[in-house]
Amino acid sequence: MRWREWEEGHRTKLDAAIDAFDRAVPALAWDIGGVSVACLLGYLDFRFPDLDWRARAPAAAAWFAEQDARPSMRASAHPIQS
């Protein structure tokens, strides 16, 4: 079941996480934490293309573009995104 308040609550949390990723970019390493963030941002593109998270988080967007170009990321991308 879904209801407006539930969706709004999750969107508020997602927006806060995107803001936090944008602030954390200088400290993000390519370790399990960085891989997790990159996978999440890629999932947002796949599942919520209208979210436009890049507009609100330009540092995270630039970081993700670099990480998404890695051969390992390309090799594991969903076929629709490849």
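Given the structure is predicted, the values throughout are model-derived calculations rather than measurements.

Please explain the side chain of Q67 as it appears in this structure.
With respect to the helices, strands and loops of the structure, Q67 is situated in helix 4 (residues 58-68). There is a polar contact of 2.7 Å between the side chain of Q67 and the side chain of R70. Once residues within four sequence positions are removed from consideration, Q67 is found in contact with W30, A38 and M73.

So what exactly am I meant to see when it comes to unusual backbone geometry here?
Most peptide bonds adopt trans geometry, and most residues besides glycine take a negative phi value. Residue D52 is not a glycine yet carries a positive backbone phi of 55°. Within the secondary structure, D52 sits in the loop between helix 2 (32-47) and helix 3 (53-56). By relative accessible area, D52 is classed as partly exposed at 48%.

Mind showing me how you'd approach the layout of surface pockets here?
Where empty space is left in the structure can be found by rolling a water-sized probe over the atoms. Within this model, the largest pocket holds a volume of roughly 420 Å³. R2, W6, E7, E8, H10, R11, K13, L14, F48, D50 and L51 are the residues that line the largest pocket.

How should I be thinking about the pattern of salt bridges in this particular structure?
It is possible for side chains bearing opposite charge to pair when their charged atoms get close. Using the criterion set out here, one finds seven salt bridges in the structure. With a closest N to O distance of 3.3 Å, E5 and R4 form a salt bridge. Between R74 and D68 there is a salt bridge, with its nearest N and O atoms 2.9 Å apart. Assessed through its relative accessible area of 33%, R74 is described here as partly exposed.

What should I look at first to understand the nonpolar core in this one?
Side chains of a nonpolar character, in soluble globular proteins, are inclined to be buried together. Counting 16 residues, the largest nonpolar core has I18, L41, L44, L51, W53, W63 and F64 as the members making the most contacts within it. Mapped onto this core, the elements with two or more residues apiece are helix 1 (4-24), helix 2 and helix 4. Look past the residues within four positions of I18 in its chain and what remains in contact with it is L44, L51, W53, R56 and A57.

Could you clarify how one ought to interpret the environment of D22 in this entry?
With respect to the element layout, D22 can be found in helix 1. As for D22 and R2, which are separated by 20 residues in sequence, their C-alpha atoms are 29 Å apart.

About the thresholds
Residues numbered from 1 in each chain as written. Predicted model: local features only at pLDDT ≥ 70, side-chain atom pairs only at ≥ 80, totals over all residues. Heavy atoms only, no water. Helix = DSSP H or I, 4+ residues; strand = E, 2+ residues; numbered from the N terminus. Polar contact = N/O pair within 3.5 Å; in protein donor to acceptor, adjacent residues only side chain to side chain. Contact = heavy atoms within 4.5 Å. Buried < 20%, exposed > 50% of the residue type's maximum accessible area, 1.4 Å probe, protein only. 1 Å grid on protein atoms, 1.4 Å probe; cavity = no way out; pocket = protein on both sides within 12 Å on 5 of 7 lines; lining within 4 Å. Points joined across faces, edges and corners; volume = space filled by probe spheres on them. Salt bridge = Lys/Arg side-chain N within 4 Å of Asp/Glu carboxyl O. Core = buried A, V, L, I, M, F, W, Y, C linked by side-chain atoms within 4.5 Å.

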